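Examination of the molecular architecture
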Amino acid sequence: GAVVSQHPSRVICKSGTSVKIECRSLDFQATTMFWYRQFPKQSLMLMATSNEGSKATYEQGVEKDKFLINHASLTLSTLTVTSAHPEDSSFYICSARRDNWEAFFGQGTRLTVV
Amino acid sequence: EDQVTQSPEALRLQEGESSSLNCSYTVSGLRGLFWYRQDPGKGPEFLFTLYSAGEEKEKERLKATLTKKESFLHITAPKPEDSATYLCAVQATAAGNKLTFGGGTRVLVKP
């Protein structure tokens, strides 16, 4: 299957700082990228959908000013958690799709805010 | 609203004990149903896509089937390495590129 690389896999940051997570599709051009959040023993919760060159569409209840998404190219999307707080600690996963093909996922990023 | 329900939530199997996981869905129009495997602390790994009722796909010990209301993931003679959470997701025709995920089934295969 296609490869989606997510970096970093783990990050610990201080409360009040910002953290950037990168998601790259390595061997295909992704028309759409998705960002999910996953709590322990729960399924994936969609945060936002982004298409290259346009603004991200956020799901209800997700603060767009807190979770900044940039989809600068067909192979790169970034999620920046701004002014992070302990309640933002979670497992964040990106996904990339080309048209209506299968969605491929990154390895996930474990964010811990202390 | 599109809904996906997976059952059971958890499944404990002995090695070699075949079983099936269920994914029931309600969508206005189904564009595709996807199965993924997720290991702890990792992102989901793509397994299958099913598009229409009656379709079946196989990969090693796994076989996925689809009807108009549900999908089954059959695990034949499982091995301990099949232990994982299995996620089902649907894409509705009206949902653009978005997938709606079920809650997952945690499978533990004991040797």
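Look up a bit, the structure's there.
For the structure given in this document, a descriptive report is provided here. Remember, predicted model here, so these are calculated numbers, not experimental data.

Applying the stated criterion across every chain, the model contains 10 aromatic pairs over all chains. Each ring, one from Phe105 of chain A and one from Tyr36 of chain B, has its centre 5.1 Å from the other, and the planes form 90 degrees; the classification is edge-to-face. Remark: Tyr36 of chain B occurs in strand S4 (residues 30-38) and Phe105 of chain A occurs in strand S10 (residues 104-105); the pair is interchain, linking two chains. A network of ring pairs unites the aromatic residues Phe28, Phe34, Tyr36, Phe104 and Phe105 of chain A together with Tyr36, Phe46 and Phe101 of chain B as a single cluster.

Our focus in this paragraph is the pattern of salt bridges. For the structure on display, the rule yields seven salt bridges over all chains. Glu59 of chain A serves as the salt-bridge partner of Lys98 of chain B, at 3.2 Å between the closest nitrogen and oxygen. Within this pair, whereas Lys98 of chain B is found in the loop between strand S9 (84-92) and strand S10 (100-101), its partner Glu59 of chain A is found in the loop between strand S6 (57-58) and strand S7 (67-73), the two belonging to separate chains. By relative accessible area, which is 30% here, Lys98 of chain B ends up partly exposed.

Moving on: the side chain of Ser77 of chain A. Residue and element names in this part refer to chain A. Mapped onto the secondary structure, Ser77 falls in strand S8 (residues 76-81). The class for Ser77 is buried, based on a relative accessible area of 0%. Side-chain polar atoms of Ser77 contact the backbone oxygen of Asn70, separated by 3.3 Å. Apart from residues no more than four positions distant in its own chain, Ser77 is found in contact with Ile21, Glu22, Cys23, Met33, Trp35, Ser50, Ile69, Asn70 and His71.

It is worth spelling out the environment of Val27 of chain B at this point. All names here are of chain B. Of note, Val27 is situated in the loop between strand S3 (19-26) and S4. Residues Val27 and Thr100, spaced 73 residues apart in sequence, show a C-alpha to C-alpha distance of 9.7 Å. Those residues within four positions of Val27 in sequence are excluded, and the remaining contacts are Asp2, Val90 and Ala92.

Criteria and cut-off values
- Residues numbered from 1 in each chain as written.
- Chains lettered and ligands numbered in written order.
- Predicted model: local features only at pLDDT ≥ 70, side-chain atom pairs only at ≥ 80, totals over all residues.
- Heavy atoms only, no water.
- Phe/Tyr/Trp six-rings, centres within 6.5 Å; stacked < 30°, edge-to-face > 60°.
- Helix = DSSP H or I, 4+ residues; strand = E, 2+ residues; numbered from the N terminus.
- Salt bridge = Lys/Arg side-chain N within 4 Å of Asp/Glu carboxyl O.
- Buried < 20%, exposed > 50% of the residue type's maximum accessible area, 1.4 Å probe, protein only.
- Polar contact = N/O pair within 3.5 Å; in protein donor to acceptor, adjacent residues only side chain to side chain.
- Contact = heavy atoms within 4.5 Å.

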